[in-house]
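# Descriptive structure summary
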Amino acid sequence: MANQPVIIKSNKYGLIVILDQKLPFEELKREVADKFRSSAKFFGEAQMAVCFQGRTLTLEEEMSLADTISESCQIQVVSIIDENQELEEKMQRAVEQKDTEPEDLMNLKDGRFYKGTLRSGQVLESETSVIILGDVNPGARVISKGNVIVLGCLKGNVFVGAAGNEAAFVAALSMDPMQIRIGDVIARCSDDATGKKKKKKVADTPKIAFVENGNIYIEPITKEVLNEIHLDSSEDLS
């Protein structure tokens with residue numbers, strides 16, 4: 001791999017991206033971008049599942065590489081597949097499942113996890129609390145009767161406690177939503193809990209949004225804040 005830090009192998013339903021094990025991650029991202037830019041004409045416009053091999057990646061790194069691929073060519077990464085012996089079959093199921101979903105609606109009735117980035121125009125609805133393993137981009141919407149936890153960047157719209165439960169909450173690794181609604185209480189991105197314009201953002205920290213005294217507050221996640229929120233009245237995610 002010394003001369004080829006990134007190798008792409010493809011099958012009918014997806015891509016296997018073999019990565020150099022020792023290259024610093026930011027340098028590896030540049031190599032991935034260069035590789036897919038140079039291969040853009042070959043792949044054309046397609047929806048594909050992707051499997052990363054060759055090194056262990058964190059969830060954040062996987063999502064970052066998937067976004068890098070989509071930004072470097074016309075491939076839309078619809079799923080990130082774990083390596084296993086039934087790789088091609090799993091890729092096929094991921095792509096075919098995406099094709100059977102309505103264009104602007106993905107309805108989760110039983111599952112409590114969604115893995116992937118929600119892009120502008122997409123809507124994710126859940127009858128239960130949901131953990132999103134990815135980003136919620138501007139223009140995307142998440143609607144849940146329970147709680148929503150985003151293990152990524154929340155920049156779209158989110159509506160929790162959709163059945164009127166103001167004890168529901170929203171948590172995200174990076175919290176910068178266009179709009180948050182909890183039960184019947186609404187807060188927009190330009191307003192803080194007191195209705196004043198937000199100050200320039202400091203470094204992102206995981207935050208949680210909750211209702212108190214009829215207002216939505218967004219606070220860094222600490223033990224003290226969690227103890228103050230009546231999480232026991234919200235839906236159990238376990």
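Worth saying up front: this structure is predicted, and the values here are computed from it rather than measured.

Let us now look at the packing of aromatic side chains. Applying the stated criterion across every chain yields a total of one aromatic pair. Ring plane angle 25° and centroid distance 6.2 Å describe the contact between Phe 210 and Tyr 217, whose orientation is recorded as stacked.

Looking now at the side chain of Lys 207. Positionally, Lys 207 belongs in strand S15 (residues 207-212). Ignoring any residue separated from it by four or fewer positions in sequence, one finds Lys 207 in contact with Val 170, Ala 171, Ala 172, Met 175, Ile 218, Glu 219, Pro 220 and Ile 221.

With that settled, consider the packing of helix H1 (residues 25-38) against helix H3 (residues 59-72). Relative orientation of the contacting elements H1 and H3 amounts to 30°, with a least axis distance of 8 Å. As judged from the angle between their axes, H1 and H3 are roughly parallel. When you trace H1 past H3, the crossing you get is right-handed. Here Phe 25, Lys 29, Val 32, Ala 33, Phe 36 and Arg 37 of H1 come into contact with H3, specifically with Glu 61, Ser 64, Leu 65, Thr 68, Ile 69 and Ser 72. Looking at the contact of H1 with H3 residue by residue, the classes come out as six nonpolar, three polar and three charged.

The next point concerns the confidence of the model for the protein chain. Looking at the protein chain as a whole, the pLDDT averages 78, with 75% of positions reaching at least 70. Predicted confidence is poor over residues 102-111, with pLDDT under 50, and the contacts of this stretch with residues over four places away or in other chains come to 24 contacts. Predicted confidence for residues 190-203 stays below pLDDT 50, and this span has 13 contacts to residues more than four positions away or in other chains.

Once that is clear, we can look at the sheet that holds strand S1 (residues 6-10). Ordered in space as S1-S2-S3-S4, the four strands form an open sheet in which the pairing is mixed. The strands lining the two open edges of the sheet, one partner per strand, are S1 and strand S4 (75-80). Each strand axis lies, on average, 35° off the axis of its neighbour in the sheet, ignoring direction. Across the sheet, H1 touches S1, strand S2 (14-19) and S4, and the angle it forms with S1 is around 45°. Taken strand by strand, H3 contacts S2, strand S3 (46-53) and S4, and its axis lies near 160° from that of S4.

One pass over the structure, following the stated rule, counts five salt bridges. Here Arg 37 ties to Asp 34 by a salt bridge, and the two come within 2.6 Å at their closest N and O atoms. Taken together, the residues span about one helical turn, with Arg 37 and Asp 34 both in helix H1 at a distance of three residues. Judged by its relative accessible area of 40%, Asp 34 is partly exposed. The salt bridge partner of Glu 127 is Lys 145, with a shortest N-O separation of 3.0 Å. Taken as a pair, Glu 127 in the loop between strand S7 (123-126) and strand S8 (130-133) and Lys 145 in the loop between strand S9 (141-144) and strand S10 (148-154) lie far apart in primary sequence, 18 residues in all.

Read from one edge to the other, the open sheet built from six strands follows the order S6-S8-S10-S12-S15-S16, with strand pairing classed as mixed. If you trace the sheet from one side to the other, it starts and ends with strand S6 (113-115) and strand S16 (215-220), each paired once. Put simply, the sheet's adjacent strands are angled 20° from each other on average, direction ignored. As paired elements, S10 and strand S12 (residues 170-175) share five bridges and run parallel to each other. Note on S12: the bridge partner recorded for Cys 153 is Ser 174. Across the sheet, H3 touches S6, S8 and S10, and the angle it forms with S6 is around 45°.

Moving on to the nonpolar core. The biggest cluster of nonpolar side chains holds 31 residues, and the ones touching the most others in it are Leu 15, Val 17, Leu 19, Phe 36, Phe 52, Ile 69 and Ile 75. Contributing elements (two or more residues each) for this core: S2, H1, S3, H3, S4, S8 and S15. Excluding its chain neighbours within four sequence positions, the residues that come into contact with Ile 69 are Val 32, Phe 36, Val 50, Phe 52, Ile 75 and Val 77. Residues Ile 132, Ala 168, Ala 209 and Ile 216 belong to the second largest nonpolar core, which totals 24 residues.

Calculation rules
Residues numbered from 1 in each chain as written. Predicted model: local features only at pLDDT ≥ 70, side-chain atom pairs only at ≥ 80, totals over all residues. Heavy atoms only, no water. Phe/Tyr/Trp six-rings, centres within 6.5 Å; stacked < 30°, edge-to-face > 60°. Helix = DSSP H or I, 4+ residues; strand = E, 2+ residues; numbered from the N terminus. Contact = heavy atoms within 4.5 Å. Axes fitted to C-alpha atoms, helices over the stretch in contact; angles between N-to-C directions. Parallel < 35°, antiparallel > 145°, perpendicular 65-115°, else oblique. Left-handed = near helix turned anticlockwise from the far one by under 90°. Nonpolar A, V, L, I, M, F, W, Y, C, P; charged D, E, K, R; others polar. pLDDT = per-residue confidence, 0-100. Pairing = 2+ DSSP bridges. Salt bridge = Lys/Arg side-chain N within 4 Å of Asp/Glu carboxyl O. Buried < 20%, exposed > 50% of the residue type's maximum accessible area, 1.4 Å probe, protein only. Core = buried A, V, L, I, M, F, W, Y, C linked by side-chain atoms within 4.5 Å.

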